[in-house]
Every structure is written in structure tokens, then in C-alpha cells.
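Close look at the chain arrangement
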Amino acid sequence: MSDQAKTYYLQIFGCQMNERDGETIAGLLESMGYERTEDREIANVIVIDTCSVRENADKRFFGFLGQLKRIRLSRPDVTVAACGCMMQQKHIVDTIKQKYPWVDIVFGTHNIHELPEMLSKVLESKKKIVNVWDEGGEPVEGLPFHRRYAFKAFVSIMYGCNNFCTYCIVPYTRGRERSRKPSEILKEIRELVADGVKEVTLLGQNVNSYKGADDGEEPLTFAGLIRKLSEIEGLERIRFMTSHPKDLSPELIQAYKDCPKLCPHIHLPVQSGSTEILRRMNRRYTKEGYLELVGRLREAVPGIAITTDIIVGFPGETEEDFAETLDLVRKVGYDSAFTFLYSPRKGTPAAEYEEQIPEDVKHERFNRLVDTVNSISVEKNRNCVGKIYPVLAEGPDQEGSALQSGRTPEHKLVNFEAPLSVTGQIVNVEITESNTFSLVGRIVE
Ligand code: 5AD
Ligand code: SF4
């Protein structure tokens, strides 16, 4: 890096959607001549991509901004930009304006493509820009991006969500569902594959309701899209997340049977095992309906790994409701689960519900749930010992290390010794040991 190189520091909070947005932000800044730095003390531009879904997201964000104050005030040439779905909430933008007036640019999830223009304007005029869109139009295509991994890639196929689960902020921050055109997705993935990518993960808040259409063509369903992607030569693995149980179609279950590239794993957030709580969450399925769906998946795809998201302590959750969740977890036998303590999000219906659950009760249930989930994961992973899985080797865990990690088709993390030369290849790995969250193995012929 030359002494004069302009640099950027990028802090990403949150989910895979944000990770993917971060690749675009990096690509845009690099197309303007900026180089990435991990040292924010020297960066010329600092971008914070926020998430509003996770626990204590606003505390973490404002804590981070607090740390930047000294840097921004001691080096007035630094530009600080905050973006991402948290910026789509009015009270957050108001707090930034009042308490952190030195933040230069605030933008939303729909207008990432305008970053170069906004940055140039701020550098010219040193005036603050707040540019948050209410609603997204057609997805913007063709933006440069800087990929994080060489052999696997995340590809957004749709944005936004129409479901309005009563606890969730996403429909308010990311707007209504918008599907990308199939031709754009195919083009992006063909280019990725030509560049060495073997595995893609299709991203969207609810990929099952994907409905993308090219001009003058019939809309394509999600299963239809998977079938088209399966035909791409050189693409070896297709994954997706996340999917709403109410929209999981028989056509998608059939696609698992017909498309060997579609990995035998599904992330199927259940949120609660109590039909009454599910009703109040506006999830539009019952405990029995969910279990039946799992039965159909297992029948069609024996050995499919099922993972989930579960919220503990939703308003009004009784001990009986929670017992239903534990029961469902045992009946499904999840390979792993992300567990969340319910936390009210300003502007969502559930935040206004009476009967908010006391924190100590939430924590106590959370601990019991985690114990149950982990004991099943231990069991599931133990069953893998002695079996051989094709694993995409993702490279050494540290430079010079002989230890690589990778994922089985079921998305289980495996650590194994391997020469550098196998990086990026799918190799057969025999599992020799199991832990709660990962496996250990050795390469076999
Ligand atoms: N409180 C706790 N967990 C939440 N999630 C979404 N909103 C909330 C909230 N208000 C969880 C859900 C979702 C995951 C991404 O985050 O389980 O599936
Ligand atoms: Fe949020 Fe529900 Fe949409 Fe998922 S489906 S993003 S939980 S509103």
C-alpha cells in the first residue's frame, strides 16, 4: 500500500444479509480507490453497517459510535458513515442527529449504491447527509462487490419481507418484498462460478416466496430458480436461507429430490412450539402443522439436517407454552438452533403487548432451552463419527496452519488436517471425533 493510499474501515453488525451488503460497500469504496484497513485509527472513511434484529443492537451500535467520537473529532478529515437497517428507524436517526452530530452520512438499506456520490458530496462540502429511503423500488443491479470467500458466495435473491411477525422489525426497516430478476441472479452466479466459486447460498428474509420475472416472462418460483441454477456447470452446491414454514412448497421438497446440488439442509425458523404463541406472533402455522412439514421433509430427504431460530419469553408465554417449545425441539431433533431472548423492538406490535415476561424468567427458560438444544446437537454430531462426508475445504484457519475447516452438505462444520493444495476442493473426510458445535475428521481417498 502506498503512503498516500486512502483507506476505509468497515464494521459490520448482524446477519448474512448485512455481510452481503458489506461486500457491496467494500466494492464501491474500492472502486473509488480506497483500500481496506483493519485499523480505524488511520482510516479516512469509517462505515458502520448496522442490524436492528439482534439483541441489544442499538446499545452495541451507539457504544461503537461513542468509541469513534475521539477519532472523528481529533481528525476532522475522517468521514463517518452509518448505514443498514437500523437507520430505517426514525428514533435512531433522531438520536444520531442529537447526540452524535459529527456523523457525516446516514443512509439506509435501499440506497447503498449512492454511497460514492454521497461520499464525494460530503468531501466537497463537508455538509452532513441523511438519506434514508422509505420504500425500495426495483433492486439495483451490477454494483461492484468485494467477495469475502474465494470458493463460496452469498447471493441475495430478494429483499424485504411482507410477513409482519409481531416481534420483528425487518418489514419496517427493509421494506416490502422485492425479487431480483432470474436473469440477473443467473448472470451473477455464472460469473462467480467462472471465478472459482463452487457453493452459493441464496439469501432473502423469506426465499420461499421468491417470485422473480424477466421482462415479458412468467414469474419463476423459488423451486424453479433452484432448478435453473442446478444446470450451471461447475456450480456444485446450492444452499439458501431463510425460509418461512408457511411458504415451504411441495415443489421445493420435490426439488430436494431432483437436484443433487441442493444441499440436504434446511434452516426453518420455528420461533415457538406453542400454537397460541405462534398465533400471537402472526406466524400463520401451528405446532402440528410445523411437525407435519418436518415429517414430509424427512420422508423426501432422509438425513436432511434441520436447523432453526427460537425466541424465548415472547409476551404472554406461560410455562406451558414454553414446555410446548421444549417438546417440539425434542420431537424435531434439530441439528442446531439459534436461540434468542425476546426483546421488544420499538414500532412492532408485540412491544406494546401486555404481559411482558420478566428478564429473570426469560433467562431461566433460555438456559433450559439451550441445554436441551445442545444435548440434541451432541447426539446428532456423535452419530456422524465413522461416516465419510464430502467437505468443501475452505483453507487454513490461520496462515501457515495445517488445520482447515469446511462444511459437510448438511452444513456441519468440520476441522481436519489438510495440505494447502486442497483448499477450494471438495474432499472426502472421515469423521473421527465430535463436539457440540463441530466435528473433527481426516481426509480419506
Ligand atoms: N426478539 C428476539 N428475537 C428476535 N428475532 C427477530 N426479532 C426478534 C426480537 N424482537 C429473531 C428471530 C429471527 C432471528 C433472525 O432473530 O428468531 O428468526
Ligand atoms: Fe421478520 Fe417474520 Fe419477515 Fe422473518 S418472516 S423477516 S421474522 S417479519
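Each remark here, short or long, concerns the structure printed above.
First things first, this report covers the structure right here in the doc. (Residues numbered from 1 in each chain as written. Chains lettered and ligands numbered in written order. Predicted model: local features only at pLDDT ≥ 70, side-chain atom pairs only at ≥ 80, totals over all residues. Heavy atoms only, no water.)

Concerning the overall build of the protein chain
- Helix and strand counts for the protein chain stand at 13 helices and 19 strands.
- For the protein chain, the C-alpha radius of gyration of 23 Å lies close to 22 Å, the compact-globule estimate for 445 residues.
- The buried share of the protein chain, reckoned over its 445 residues, is 53%.
- The contacts in the protein chain between residues at least 6 apart in sequence include a share of 73% that link residues at least 24 apart.
- Here the protein chain has roughly 19,900 Å² of accessible surface; of this, 50% comes from carbon and sulfur atoms.
- Here the protein chain contributes 57 positive and 66 negative side-chain charges, whose respective centroids are spaced 2 Å apart. (Helix = DSSP H or I, 4+ residues; strand = E, 2+ residues; numbered from the N terminus. Rg over C-alpha atoms; globule rule 2.2 N^0.38 Å. Buried < 20%, exposed > 50% of the residue type's maximum accessible area, 1.4 Å probe, protein only. Contact = heavy atoms within 4.5 Å. Areas by Shrake-Rupley, 256 points an atom, 1.4 Å probe, with all protein chains shown as cover. Lys, Arg positive; Asp, Glu negative; His and termini not counted. Charge placed at Lys NZ, Arg CZ, Asp CG, Glu CD.)

Quick word on the site of ligand 2
- By nearness alone, every residue bordering ligand 2 is listed as C161, N163, F164, C165, Y167, C168, V170, P171, Q205, H244 and R283.
- Among the residues forming the shell around ligand 2, the class breakdown is seven nonpolar, three polar and one charged. (Near = heavy atom within 4 Å. Nonpolar A, V, L, I, M, F, W, Y, C, P; charged D, E, K, R; others polar.)

A short note on the nonpolar core
- Membership of the largest hydrophobic core comes to 69 residues, with the highest contact counts inside it found for I189, L202 and F240.
- With near-sequence residues (within four places) excluded, F240 lies in contact with T201, L202, V207, F222, I226, L252, Y256, L262 and I266.
- In terms of nonpolar packing, the next biggest core, distinct from the first, is built from 25 residues, F13, F64, L65 and W102 among them. (Core = buried A, V, L, I, M, F, W, Y, C linked by side-chain atoms within 4.5 Å.)

Focus on the site of ligand 1
- Contacts to ligand 1 come from V53, Y167, Q271, D309, I311, F340, L341, Y342, S343 and R345.
- A distance of 3.1 Å is found between a nitrogen atom of ligand 1 and a backbone nitrogen or oxygen belonging to Y167.
- Contact between ligand 1 and D309: an oxygen atom at 2.6 Å from a side-chain N or O atom of the residue.
- Out of a free accessible area of 410 Å², ligand 1 has 88% covered by protein chains.
- Going through the elements one at a time, β13 (305–312) and β14 (336–341) are the ones with two or more residues in the shell around ligand 1. (Polar contact = N/O pair within 3.5 Å; in protein donor to acceptor, adjacent residues only side chain to side chain.)

A few points about the packing of helix α10 (residues 287–300) against helix α11 (residues 319–332)
- It is at 11 Å that the axes of α10 and α11 come closest, and there the two elements cross at 10°. Taken together, the axes of α10 and α11 are roughly parallel relative to one another. Taken together, the residues of α11 that come into contact with α10 (itself represented by K287, Y290, L291, V294 and R298) are E324, D327, L328, K331 and V332.
- A breakdown of the residues in the contact of α10 with α11 according to their chemical character gives five nonpolar, no polar and five charged. (Axes fitted to C-alpha atoms, helices over the stretch in contact; angles between N-to-C directions. Parallel < 35°, antiparallel > 145°, perpendicular 65-115°, else oblique.)

Quick look at the packing of helix α2 (residues 57–74) against helix α3 (residues 90–99)
- At a minimum axis separation of 12 Å, α2 and α3 run at an interaxial angle of 20°. One element, α2, and the other, α3, form an angle in the roughly parallel class. Relative to α3, the crossing made by α2 is right-handed. Two secondary-structure elements touch here, α2 through D58, F61 and F62 and α3 through I92, T95 and I96.
- Classifying every residue of the contact of α2 with α3 by side-chain character gives four nonpolar, one polar and one charged. (Left-handed = near helix turned anticlockwise from the far one by under 90°.)

Notes on α2
- Between its terminal C-alpha atoms α2 stretches 27 Å, which fits the 26 Å expected from 18 residues at 1.5 Å a residue.
- L68 marks the point of greatest bend in α2, at about 35°.
- Of all the positions in α2, only A57, F61, F62, F64, L65, L68, I71 and R72 are classed as buried.
- Of the surrounding secondary structure, the elements contacted by the buried residues of α2 are β1 (6–12), β3 (45–50), β4 (79–84) and α3. (Expected span 1.5 Å × (residues − 1). Bend = angle between axes of the 7 residues up to and from the residue.)

Topic: the packing of aromatic side chains
- Applying the stated criterion to the full structure yields 11 aromatic pairs.
- Geometrically, the ring pair formed by F62 and Y100 is stacked, given 5.4 Å between the ring centres and 15° between the ring planes. Residue F62 is found in helix α2, and its partner Y100 is found in the loop between α3 and β5 (105–107); the two are separated by 38 residues along the sequence.
- On the basis of relative accessible area, Y100 is assigned to the buried category, the value being 15%. (Phe/Tyr/Trp six-rings, centres within 6.5 Å; stacked < 30°, edge-to-face > 60°.)

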